[in-house]
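# Structure assessment
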Amino acid sequence: MPAFPEAARAAIGDPTLRANLRHATHTIRDKRARAVAELDDWAELRQAGKEIKDRTLRHLDTYLLQLEEAVTAAGGTVHWATDAAEANRIVTELVRATGETEVVKVKSMATQEIGLNEHLEAEGIAAYETDLAELIVQLGEDRPSHILVPAIHRNRAEIRDIFREKMGSWGRPAPEGLSDTPAELAEAARLHLREKFLRAKVGISGANFMVAETGTLVVVESEGNGRMCLTLPETLISVVGVEKVVPGWRDLEVFLQTLPRSSTAERMNPYTSMWTGTRDDDGPSAFHLVLLDNGRTGALADEVGRQALRCIRCSACLNVCPVYERAGGHAYGSVYPGPIGAILTPQLRGTASEVDASLPYASSLCGACYEVCPVAIDIPEVLVHLRERVASEGGKGHRLERAAVKAASWVLDRPAALAAGQHLASATRALHPKRLPGPGARQWSEHRNLPELPAEPFRDWWKKNRT
Amino acid sequence: MRVALFVTCVNDAVFPATGVATVRLLERLGVEVDFPAAQTCCGQPQFNTGYRAETAPLVRRTVRAFEGYEYVVTPSGSCAAMVRHHYASFGAAAAGLAPRVHELTEFLVDVLGVTDVGAYFPHRVTYHPSCHGLRLLGLGDRPRRLLEAVKGLELVELPGAEECCGFGGTFAVKNPDVSAAMGADKIANALSTGAEVLCGADNSCLLHVGGMLSRQGAPLSAVHLADILASTEEEPWQ
Ligand code: SF4
């Protein structure tokens, strides 16, 4: 995976992709703004969400143990996974134990993060995504490019082509003469998926929240596919990041207001499914909860960075981000794109790779993400904090950069030296090029003219005219 | 009233006219202006790029340069935001400067209590609120109120005004393609207004947008708000 600037270049050069992204992000950001403006206590809800999450994270061990106890008491089984490999192994063994070779899936960021589908496929188990957008991505052998709308980069004509060409090889083919109207596309997906729901014996999900006091898991969704996967199979396996726990039911009151408005601009999400362990004659007879760390406790140890763990994955920050809008989700090289991805991914994966080290710089620090975040994650603050980390590690280019910054600071800390430099620049201004040499600088002046340097800097004017 | 002018490094070296305009404007309003020569750079570019240690001496220098001034005025929302939001993390002395620094429009509207500064600028103008002024300082409608009171000026709405222009300090160098794509959209929006002047209150953003306008040969100039507010019938903007 190349670093962000290179990966972004491809998207910027693709006019269809840019039009798709622009249209989708602008539509949803405007709708969100209207939905949020309807609540006169939005600021209080945002503050409450932030505080609930912060308090929970401070006592994460306590709440997780309470959750484990409650889940177990309700007939479920809790598994702890330190990393992706362990989580994948646990899930594979659980599926194997049922004797099944296919599973239906509720859209889940956690399972994408660990690459569960690919792992299961390698182990001979077929995992079927049932969320419409995930289905499009899966059939298109593509990668998701948005947290909530994984196929945001596709338009209707592209989706119709994918359905026509690929549905048949995964199950029920697309109806003859499928058009690109939303109703026909949805009907094709419904028919294709219904077969899978009715056949599947194992469902795999994530969760938006886990309630410690009762061991209840919560999934909110819009299509009803989640409800099918959570209730029809005999075995349900939920893979959930440890940061998703909240202490009690009353805490949900806050998030069930802020999440739908921030993500889909709905007052309430159409389906809220909650399940607690197992019950005779209702829902799955076996329930497994895989609690995923995968770098989260490392992020928790970072006092500035830990606020990223408050994230409820609403994706509002993606939809307002001017960088995401141009670069698209794939450029971030991770299942978490956009502003939250730029701060979460380098914390979960570290900053050793080129793409991870470039992510904290994938922002102009305009602050639009912080403004919309329903749990008030100060994303610009964390970005700068992570830049400090990357710069101090001195990776590619950063040693040189530090030397340049040091030299500049030396001059800027000496007004006499600064004035001398300014004089030299002014005296030689006729010789200054309109375009700059060198990496970065060259590209900078590819699109912009440099201003003409003034005959004298301000401090000279001041000396002559005011002293 | 006596204030210290915090001209900022970009204005000092590249846009001295904005500094001169700020001085003329403030003096016209009866304010006595000092320019503490010990000032250089607030340290924002270094800080935002991840070089906290290299920023510290510049923070100390800036704090020392403005010691003893109750009002420090700057024609840059971005540099004001650096001091206001990040200086506290460099210690108590630096935290003490934060509340004394005022971005120009804040100073005019909140401290001096004026919106009509007696300016004359007979042009069609559209206004781009830079991100740091907009979100970190919360300048709100102050710049617009000042512009609306300018004689002869026709203010036209900029579509997508609150979207970042793509400058972002070193972002423009580290992500040149994304930055240019953002700038191109900003310019297209500005040109759609039919304005002659794109006004902003941060020369760093104007350097980026203005540089793109100039490269395209577009019939639109990027002008700092201070230059507009300083312009009068007797001494018009060039
Ligand atoms: S960081 Fe905030 S705005 Fe972005 S997805 Fe998470 S909760 Fe939503």
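Residues numbered from 1 in each chain as written. Chains lettered and ligands numbered in written order. Predicted model: local features only at pLDDT ≥ 70, side-chain atom pairs only at ≥ 80, totals over all residues. Heavy atoms only, no water.

When its secondary structure is counted, chain A shows 23 helices and ten strands. Dimensions of chain A along its principal axes, counting C-alpha atoms only, are 90 × 55 × 45 Å. Here chain A, with 467 residues, has 55% of them falling under the buried criterion. Intrachain contacts of chain A at a sequence separation of at least 6 include 73% that bridge at least 24 residues. Accessible surface for chain A amounts to roughly 19,900 Å². Of this, 53% is attributable to carbon and sulfur atoms. (Helix = DSSP H or I, 4+ residues; strand = E, 2+ residues; numbered from the N terminus. Buried < 20%, exposed > 50% of the residue type's maximum accessible area, 1.4 Å probe, protein only. Contact = heavy atoms within 4.5 Å. Areas by Shrake-Rupley, 256 points an atom, 1.4 Å probe, with all protein chains shown as cover.)

Right, let's talk about the site of the ligand for a bit. Residue and element names in this part refer to chain A. Taken together, C311, I312, R313, C314, S315, C317, I340, C373, P374, V375, I377 and I379 form the complete shell of residues around the ligand. Because more than half of its atoms lie within 2 Å of the grid, the ligand is assigned to the second largest cavity. Residues that form the shell around the ligand fall into these classes: ten nonpolar, one polar and one charged. (Near = heavy atom within 4 Å. 1 Å grid on protein atoms, 1.4 Å probe; cavity = no way out; pocket = protein on both sides within 12 Å on 5 of 7 lines; lining within 4 Å. Sits in = over half its atoms within 2 Å of the grid points. Nonpolar A, V, L, I, M, F, W, Y, C, P; charged D, E, K, R; others polar.)

Moving on: the environment of H153 of chain A. Residues and elements named next belong to chain A. Residue placement: H153 occurs in the loop between α8 (132-139) and α9 (156-170). Sequence-wise, H153 and R22 are 131 residues apart; in three dimensions their C-alpha atoms are separated by 9.4 Å. Once residues lying within four places of it in the same chain are set aside, the contact partners of H153 are L17, N20, D142, R143, S145, E158 and H330. Polar side-chain contacts of H153 include one of 2.7 Å to the side chain of S145. Looking at H153, its side chain comes within polar contact range of the main-chain oxygen of P150, at 3.4 Å. (Polar contact = N/O pair within 3.5 Å; in protein donor to acceptor, adjacent residues only side chain to side chain.)

Time to look at the sheet that holds strand β9 (residues 271-276) of chain A. All names here are of chain A. Judged by pairing direction, the sheet is mixed, and its four strands sit side by side in the order β8-β5-β6-β9 without closing on themselves. Edge positions in the sheet fall to β8 (245-246) and β9, since each has one partner strand and no second. Summarising the sheet, strand β6 (residues 216-221) and β9 pair through six bridges and their orientation is antiparallel. When the bridges of β9 are listed, V218 appears paired with M274. Packed on one face of the sheet, helix α12 (residues 249-263) meets β5 (209-211), β6, β8 and β9 and runs near 165 degrees to β5. (Pairing = 2+ DSSP bridges. Axes fitted to C-alpha atoms, helices over the stretch in contact; angles between N-to-C directions.)

What follows is about the interface of chain B and chain A. Across the boundary between the two partners, chain B contributes 56 residues, which contact 59 residues of chain A. With both chains or domains summed, chain B and chain A bury close to 5,200 Å², and 57% of this area falls on carbon and sulfur atoms. Counting the contacts that link chain B with chain A gives eight salt bridges. E388 of chain A serves as the salt-bridge partner of R52 of chain B, at 3.3 Å between the closest nitrogen and oxygen. Between the two partners, chain B and chain A, sit 21 residue pairs in polar contact (both at pLDDT 80 or more). (Buried area = accessible area lost by both parts, 1.4 Å probe. Salt bridge = Lys/Arg side-chain N within 4 Å of Asp/Glu carboxyl O.)

What follows covers the environment of H85 of chain B. Residues and elements named next belong to chain B. Mapping H85 onto the fold places it in helix α5 (residues 77-86). Judged by its relative accessible area of 38%, H85 falls in the partly exposed class. Spatially, the C-alpha atoms of H85 and G160 are 26 Å apart, while their sequence positions differ by 75 residues.

Below, the discussion takes up helix α2 (residues 16-28) of chain B. The end-to-end C-alpha distance of α2 of chain B, which contains 13 residues, comes to 18 Å, matching closely the 18 Å that a straight helix rising 1.5 Å per residue would cover. G30 of chain B occupies a position one or two residues after α2 of chain B and carries a positive phi of about 85 degrees. (Expected span 1.5 Å × (residues − 1).)

This part is about the pairing of strand β2 (residues 102-105) of chain A. Residue and element names in this part refer to chain A. Judged by which residues are buried, β2 turns out to be covered on both faces: E102 and V104 on one side and V103 and K105 on the other are all buried. In terms of strand pairing, β2 meets strand β4 (residues 202-205) through two bridges, oriented parallel. Paired with V104 across the strands is G203, a residue of β4.

Right, let's talk about the state of the cysteines for a bit. All names here are of chain B. Tallied over the full model, the rule gives zero disulfides over all chains. The closest cysteine sulfur to the non-disulfide-bonded C165 is located on C205, 4.2 Å from its own sulfur. On the accessibility criterion, C205 (11% relative accessible area) is buried. (Disulfide = S-S within 2.5 Å.)

Moving on: the nonpolar core. Core analysis: the largest hydrophobic core is formed by 131 residues, its most contacted members being F4, L67, F163, L289, I340 and I343 of chain A together with Y87 of chain B. The residues contacting L67 of chain A, other than those within four sequence positions of it, are M210, V211, A212, G215, V245, L289 and L291 of chain A. Core analysis: the second largest hydrophobic core is formed by 38 residues, V23, Y71, A119 and L147 of chain B among them. (Core = buried A, V, L, I, M, F, W, Y, C linked by side-chain atoms within 4.5 Å.)

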